[in-house]
Amino acid sequence: MKILIINGPNLNLLGLREPEIYGNQNYASLCALIDDTCKELGVDHEIFQSNHEGAIVDKIQDAYGKFDGIVINPAAYTHTSVAILDALKAVSIPTVEVHISDINSRDEFRKHSYISLTAIKTVMGLGFEGYKVAIEHLYDFLK
Ligand code: DQA
C-alpha cells in the first residue's frame, strides 16, 4: 500500500503561522508524525507540500497508477479550488481530507469545502493528531 500526503499553501509555515489556531509545532514536526504513523502501519508514503494550486493538481494527476490513497490538507484551496476537486475526481484515488483546525467553527467562508464533495472522510479540529486519524482511516478503507 502506498499513500500520498498533500499539504497546501502556508502549511510550510506551521509554528510561525497563527500559533493560537495551528499550534507551536513546525512543519518538520508534522512530517515526523506522518512518518511515524505510516511506519507503524507499514505503509509506504510520500509527503508533498506546495503553495501553488497548479502544482497540487499536477501532483494529483501524477499519482494515478502510483498511489492507492491520498490524504490532503488543501489549506486555503479547500474553499476555492474546483481544479483540485476535479483532479481528485479524475484520478478516482480514495481521498481523506484533513484540517488542523475546525473549519466549521471559524469564518463563514471556511465552512464550505469543495474537497468534501469527493473525500471519503473529513477529519478536522484535532490538531496534528488529525493526520494520524486520517491516515489510519485511509489504511482501514484500503486494506
Ligand atoms: C486549514 C484550514 C483552512 O481554512 C486554512 O486556509 C488553512 C489550514 C487547517 O488545516 O485547519 O490554511 O486547512
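Everything below is about the structure shown above.
The structure contained in this document is the topic of the report that follows. What you see as residue numbers is a count from 1 along each chain, following the sequence as written. Predicted model: local features are reported for residues with pLDDT of at least 70 only, side-chain atom pairs are reported and counted for 80 or more only, and whole-chain, interface and lining totals are derived from all residues. The basis for every side-chain value is the complete set of heavy atoms in the structure, and neither hydrogens nor water enter the calculation.

1. Some remarks on the nonpolar core
Counting 23 residues, the largest nonpolar core has Leu14, Val71 and Tyr131 as its most contacted members. The dominant element in this core, judged by the number of residues it contributes, is helix 2 (residues 27-41), at six residues. Discounting chain neighbours no more than four positions away, the residues touching Val71 are Leu4, Ile5, Ile6, Val96, Val98, Ala134, Ile135 and Leu138. Definition used in this section: a nonpolar core is a set of buried Ala, Val, Leu, Ile, Met, Phe, Trp, Tyr and Cys residues joined via side-chain atoms within 4.5 Å. Partly exposed residues are those whose accessible area sits between 20% and 50% of the maximum for their type, while under 20% is buried and over 50% is exposed, using a 1.4 Å probe and protein chains only. Counting 17 residues, the second-largest nonpolar core is a separate cluster that includes Phe48, Ile84, Leu88 and Ile93. For the purposes of this entry, the term helix denotes a DSSP run of H or I that reaches at least four residues, the term strand denotes a run of E that reaches at least two, and both are numbered from the N terminus. Residue contacts are defined here by distance: any two heavy atoms, one from each residue, within 4.5 Å place the two residues in contact.

2. Regarding the sheet that holds strand 5 (residues 121-124)
Within a sheet, adjacent strands bond to each other through the backbone by hydrogen bonds, running parallel or antiparallel. The criterion for strand pairing is that DSSP finds at least two bridges linking the strands in question. Spatially, the five strands line up as an open sheet ordered 2-1-3-4-5, and their pairing is parallel. Of all strands in the sheet, those bounded by a partner on one side alone are strand 2 (44-49) and strand 5. Within the sheet, the average angular offset between the axes of one strand and its neighbour, ignoring direction, is 15°. Two strands pair when backbone bridges link them, and strand 3 (residues 69-73) and strand 4 (residues 95-99) are joined in this way by three bridges, in the parallel orientation. Bridging across to strand 4, Ile72 finds its partner in Glu97. Orientation is described by lines fitted to C-alpha atoms, with helices fitted over the stretch in contact, and by angles between N-to-C directions that extend from 0 to 180 degrees. Seen against the sheet, helix 2 touches strand 1 (2-7) and strand 2 and runs at an angle of roughly 160° to strand 2.

3. Details of the environment of Phe109
Mapped onto the elements of the fold, Phe109 is located in the loop between strand 4 and strand 5. Overall, the relative accessible area of 53% leaves Phe109 in the exposed class. Expressed as a C-alpha distance, the spacing of Phe109 and Thr80, which sit 29 residues apart in the sequence, is 9.5 Å.

4. Some remarks on the packing of helix 3 (residues 53-63) against helix 4 (residues 82-91)
The interhelical angle for the contact between helix 3 and helix 4, taken along N-to-C directions, is 5°, at an axis separation of 9 Å. Classed by the angle they form, the pair helix 3 and helix 4 counts as roughly parallel. Within the contact between the two elements, helix 3 uses Glu53, Ile56, Val57, Ile60 and Gln61 and helix 4 uses Ala83, Ile84, Ala87, Leu88 and Val91. Each residue is assigned to one class: nonpolar for Ala, Val, Leu, Ile, Met, Phe, Trp, Tyr, Cys and Pro, charged for Asp, Glu, Lys and Arg, and polar for all the others, Gly among them. In terms of residue class, the contact of helix 3 with helix 4 is built from eight nonpolar, one polar and one charged. Small angles under 35 degrees read as roughly parallel and large ones over 145 as roughly antiparallel, with 65 to 115 read as roughly perpendicular and the rest as oblique.

5. Focus on the site of the ligand
Consider each residue's heavy atoms; a residue with any of them within 4 Å of a molecule or strand counts as near. Taken together, the neighbourhood of the ligand is formed by Arg17, Tyr22, Asn73, Ala75, Ala76, His79, His99, Ile100, Ser101, Ile103, Arg106 and Arg110. Between N or O atoms, a polar contact is any pair within 3.5 Å; within protein, one atom must be a potential hydrogen donor and the other a potential acceptor, and residues adjacent in sequence are included only when both atoms are from side chains. A distance of 2.7 Å is found between an oxygen atom of the ligand and a backbone nitrogen or oxygen belonging to Ile100. Between an oxygen atom of the ligand and a side-chain N or O atom of Arg110, the distance comes to 2.9 Å. Working definition of accessibility: Shrake-Rupley area with a 1.4 Å probe, residue cover restricted to the visible protein chains. Its free accessible area being 330 Å², the ligand has 99% of it covered by the protein chains. Its residues placed into classes, the shell around the ligand shows five nonpolar, four polar and three charged.

6. A short note on the pattern of salt bridges
We define a salt bridge as a side-chain nitrogen of Lys or Arg found within 4 Å of a carboxyl oxygen belonging to Asp or Glu. Overall, the coordinates contain seven salt bridges when judged by the stated rule. Linking Lys66 and Asp62 is a salt bridge whose minimum nitrogen-to-oxygen distance equals 2.9 Å. Taking relative accessible area as the criterion, Lys66 reaches 47% and is therefore assigned partly exposed. For Asp62, a relative accessible area of 39% puts it in the partly exposed group. Members of the salt-bridge network, linked through shared partners, are Glu40, Lys132 and Glu136.

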